[in-house]
Amino acid sequence: MERKAKKHCSQLGLQPQFRSPGGTWRGLTALAAIIAWLVASTASAVLPKLGDMNGDNQVTVLDLTRLQIHLNGTAPLSPELQLLGDINQDGLINDLDVTAIADIILGIRPLRELPPPGILATSPMNGEGNVSLTRGTIFRFTQPLATTNAVSTNALYAEFGGRRILSRSEFSSDRRALTLFYLEPLPASARIRVTIDGDAFAGMLGTKVDVKGNGIPGGTGFVEFDTASISAISGTAIIGTVYASELVPDPNNLTNSVNVPLAGVTITVDGAEETLRTVTDANGFFQLKPCPAGRFFVHVDGRTVTNVPSGIRYPDMAYYPFIGKAWEAVAGYTNNLAGGSGLIYLPLIQQGTLRTVSMISNTVVTFPAGVVASNPALAGVSLTIPAGALFSDNGQRGGRVGIAPVSPDRLPEPLPPGLTFPLVITVQTDGPGNFGEPVPICFPNLPDRNSGVALSPGAKTALWSFNHGSGRWEVQGAMTISSDGLFACVDPGVGIRQPGWHGVNPNTPVCDPPPPPPPHPCEGSYDCCRRGCGGGIRIDLCIAECITD
Ligand SMILES: [Ca+2]
Ligand SMILES: [Ca+2]
């Protein structure tokens, strides 16, 4: 029997969406009137109606049209009106909201007030296990929060065993996410509780954040998760071989290509870097013994490679990167294969790849000329980093960033079943691991590896990223094929959330959110992710439904 969840997965036949605000809306007076009305409504505690874009307290075809001209780029909505345009409160305005407005007009979906801002998702999810000891905790909100919210140490904190963990918090620049960065490793094998005080935060209209997902502003919410073990188990080891992603001609038979083993690559267990570590030998082989049992997190550092020709040296020349992975070992076995296959390929990051991110303007990152020369399909592929968006866990802004193409067959570990990217792009930095907001990217629109067919202009696909915090590939959001058919570019509000590994799968179904949500007692609650009611963690549900079954 087909699983019910499958019904949520389909190719989205959506219209191309608003990309760059270029138009001027003639009705600026009307806009001012609506904003005044919004403010007045808020002051009198009567909240505006979702979908009512012109302030007449009803949702009609006029509102539908207004949302459509926002999406086609003719007249962008003000930030306040965008609150009302996001009918399904998933943090994005797209064709799903157009459909939802139509449903309101038809009476299929109830007319309702703008709800208080709520928690759209958390990372880790409530109840998640095996969490890396170096992973921050992220809260994503259904609406951007007010810029007046300062985060006190009592508004957001993590604790274990009655002790608060040293941390600092930071809003994303779009005010839609708040991250708690830990200034010390999380305790291993521990249940961590992160508390958030909804009364300490408010949305743009001043409504406190509904952290419990019960429709009532304010309150105190929490997320609990369990951290991974780093206890070494005697008689337990994990083995593998590290090769360069790039093959070289076989010196004995030039028609063949052979692997280049990388010696001197350092492998460490996150949270036990000084004690649980090893280095690859002349054949690229390593045995990490002892190691923890179960799923644990490691870093593979290709920057320490020793058997390389001249011209390879981090950070001023070409280099092999530093990557995070989640591996699994069965206790009592010394032949556990790293990443499942025991084969780890590291791509050579060409000299000239990294460039300094501007603090005052957008930085457009492209491939170095030499890379494009050897792969013309990469011409025009770009990553646009907003000013100052790159930062380190300690809050320091700036750094250097670059992109490099990687063969999907020669990644640090095999792709999970169902993912057949024609190309993987790695976003490398000289250390900083965070983007302050989703960073837009365009991929080349390459043919599907199975069918050989590329998507048509206007078609929808999805951006996938490897979340090194969770150790999984996750959908970031929708992309649209450009009108010339050459690129797949992210939709507004979608982008790369962190450096690392990213791909586009031409034939991967884009996951629709679940059907129009009937009012549900747990809608919007991050507890939903455990119960699967679909109100909270849609992307995570989609991944589970589309890929892992
Ligand atoms: Ca209206
Ligand atoms: Ca929406």
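Residues numbered from 1 in each chain as written. Chains lettered and ligands numbered in written order. Predicted model: local features only at pLDDT ≥ 70, side-chain atom pairs only at ≥ 80, totals over all residues. Heavy atoms only, no water.

## Here we look at the nonpolar core
For soluble globular proteins, the rule of thumb is that nonpolar side chains tend to be buried together. Formed by 38 residues in total, the largest nonpolar core has its most connected members in Ile 238, Phe 296, Trp 327, Leu 346 and Trp 473. Elements that contribute at least two residues to this core include exactly β9 (238–244), β12 (266–269), β14 (285–288), β15 (294–301), β16 (322–329), β18 (343–346), β27 (460–467) and β28 (472–481). Lining this core are residues from two domains, each supplying at least three of them: domain 2 (238–346) and domain 3 (355–504). If you look at the next biggest cluster of nonpolar residues, it comprises 31 residues, including Val 381, Val 401, Phe 435 and Val 504. (Core = buried A, V, L, I, M, F, W, Y, C linked by side-chain atoms within 4.5 Å. Buried < 20%, exposed > 50% of the residue type's maximum accessible area, 1.4 Å probe, protein only. Helix = DSSP H or I, 4+ residues; strand = E, 2+ residues; numbered from the N terminus. Domains from an automatic or database assignment.)

## Quick word on the coordination of the calcium ion (ligand 2)
When a metal holds four donors in a tetrahedron, each ideal angle between them is 109.5 degrees; when it holds six in an octahedron, the ideal angles are 90 or 180 degrees. Around the calcium ion (ligand 2), the donor atoms from the protein are Asp 86 (OD), Asn 88 (OD1), Asp 90 (OD), Leu 92 (O), Asp 97 (OD) and Asp 97 (OD), and they sit 2.2 to 2.6 Å away. For Asp 90, a relative accessible area of 13% puts it in the buried group. What makes Asp 97 buried here is its relative accessible area of 0%. (Donors = N, O, S within 2.8 Å, 3.2 Å for Na, K, Ca; no water.)

## Focus on the confidence of the model for the protein chain
Of all residues in the protein chain, 84% have pLDDT values of 70 or greater, and the mean over the chain is 84. When the criterion is pLDDT under 50, residues 1–29 qualifies, and its contacts beyond four places in sequence or with other chains add up to 59 contacts. This model gives residues 511–549 a pLDDT under 50, and the stretch forms 82 contacts once residues within four places in sequence are excluded. (pLDDT = per-residue confidence, 0-100. Contact = heavy atoms within 4.5 Å.)

## Let's talk about helix α2 (residues 61–71)
Among the residues making up α2, those that are buried are Asp 63, Leu 64, Arg 66, Leu 67, His 70 and Leu 71. Buried residues of α2, seen end-on, are gathered within an arc of 160° and therefore sit on one face of the element. Looking at α2, the residues exposed on the side facing more than 90 degrees away from the buried face are Val 61 and Leu 62. Contacts made by the buried residues of α2 are with α3 (79–85) and α4 (95–105). Immediately downstream of α2, the backbone of Gly 73 shows phi near 90°, a positive value. (Arc of directions from axis to C-beta.)

## So, the coordination of the calcium ion (ligand 1)
Coordination of the calcium ion (ligand 1) by the protein involves Asp 52 (OD), Asn 54 (OD1), Asp 56 (OD), Gln 58 (O), Asp 63 (OD) and Asp 63 (OD), with metal-donor separations of 2.3 to 2.6 Å. Coordination at the calcium ion (ligand 1) is irregular, judged from the six donor atoms that bind it and the angles of 51 to 158° they form at the metal. Each donor residue of the calcium ion (ligand 1) lies on one chain, and together they are spaced D-x1-N-x1-D-x1-Q-x4-D. A relative accessible area of 30% places Asn 54 in the partly exposed class. (Tetrahedral: all angles 85-135°; square planar, octahedral: opposite > 155°, others 65-115°.)

## A closer look at the packing of aromatic side chains
Throughout the structure, instances matching the rule amount to seven aromatic pairs. Judged by centre distance (4.8 Å) and plane angle (80°), the rings of Tyr 314 and Tyr 319 are edge-to-face. Assessed through its relative accessible area of 23%, Tyr 314 is described here as partly exposed. With a centroid separation of 5.8 Å and 65° between ring planes, the pair formed by Phe 466 and Trp 473 is classed as edge-to-face. Pair check on accessibility: Phe 466 and Trp 473 agree, each one buried. Taken together, the aromatic side chains of Phe 421, Phe 466 and Trp 473 make up a single cluster linked through ring pairs. Over the ring of Phe 171 we find Arg 175; its NZ or CZ atom is 3.9 Å from the centre of that ring. In this structure, Arg 303 is placed above the aromatic ring of Tyr 314, and the distance from its NZ or CZ to the ring centre is 5.0 Å. (Phe/Tyr/Trp six-rings, centres within 6.5 Å; stacked < 30°, edge-to-face > 60°. Lys NZ or Arg CZ within 6 Å of the ring centre and 35° of its normal.)

## Let's talk about the pattern of salt bridges
A complete count under the given rule lists 11 salt bridges for this structure. Two residues, Arg 303 and Asp 301, come together in a salt bridge whose shortest N-O distance is 2.9 Å. Judged by its relative accessible area of 31%, Arg 303 falls in the partly exposed class. Exposure remark for Asp 301: the relative accessible area of 12% places this residue in the buried category. With its nearest N and O atoms 2.4 Å apart, the salt bridge here joins Asp 491 to Lys 460. Linking Asp 491 in the loop between β29 (487–490) and β30 (500–504) with Lys 460 in strand β27, this pair joins segments that are 31 residues apart in sequence. Each member of the pair, Asp 491 as well as Lys 460, is classed as buried. (Salt bridge = Lys/Arg side-chain N within 4 Å of Asp/Glu carboxyl O.)

## Re the pairing of β9
Burial of β9 is extensive: seven of the seven residues sit out of reach of the surface. In this structure, β9 lies alongside β14, joined through four bridges in antiparallel fashion. Each residue of the ladder has a partner; that of Thr 241, found in β14, is Phe 285. Bridge count for β9 against strand β17 (residues 336–337) is two bridges, and the pairing is parallel. Within β17, the residue paired with Ile 239 across the bridge is Leu 337. (Pairing = 2+ DSSP bridges.)

## So, the sheet that holds strand β2 (residues 137–141)
Strand order in the open sheet formed by four strands is β1-β2-β6-β5, with antiparallel pairing between adjacent strands. Both outer strands of the open sheet, β1 (119–123) and β5 (167–171), are each paired with one neighbouring strand and no more. Recorded for the sheet is a direction-independent mean angle of 15° between the axes of neighbouring strands. Across four bridges, the pairing between β1 and β2 is antiparallel. Bridged to Ile 119 within β2 is Phe 141. (Axes fitted to C-alpha atoms, helices over the stretch in contact; angles between N-to-C directions.)

## A closer look at the sheet that holds β15
On the basis of which strands lie adjacent, the open sheet formed by four strands has the order β13-β12-β15-β16 and antiparallel pairing. What marks the edges here is a single partner per strand, and that holds for β13 (277–279) and β16. Strand-to-strand, the axes of this sheet are offset by a mean angle of 25°, without reference to chain direction. Relative to β15, β12 is paired through four bridges, and the arrangement is antiparallel. Along β15, the bridge assignment pairs Ile 267 with Val 300.

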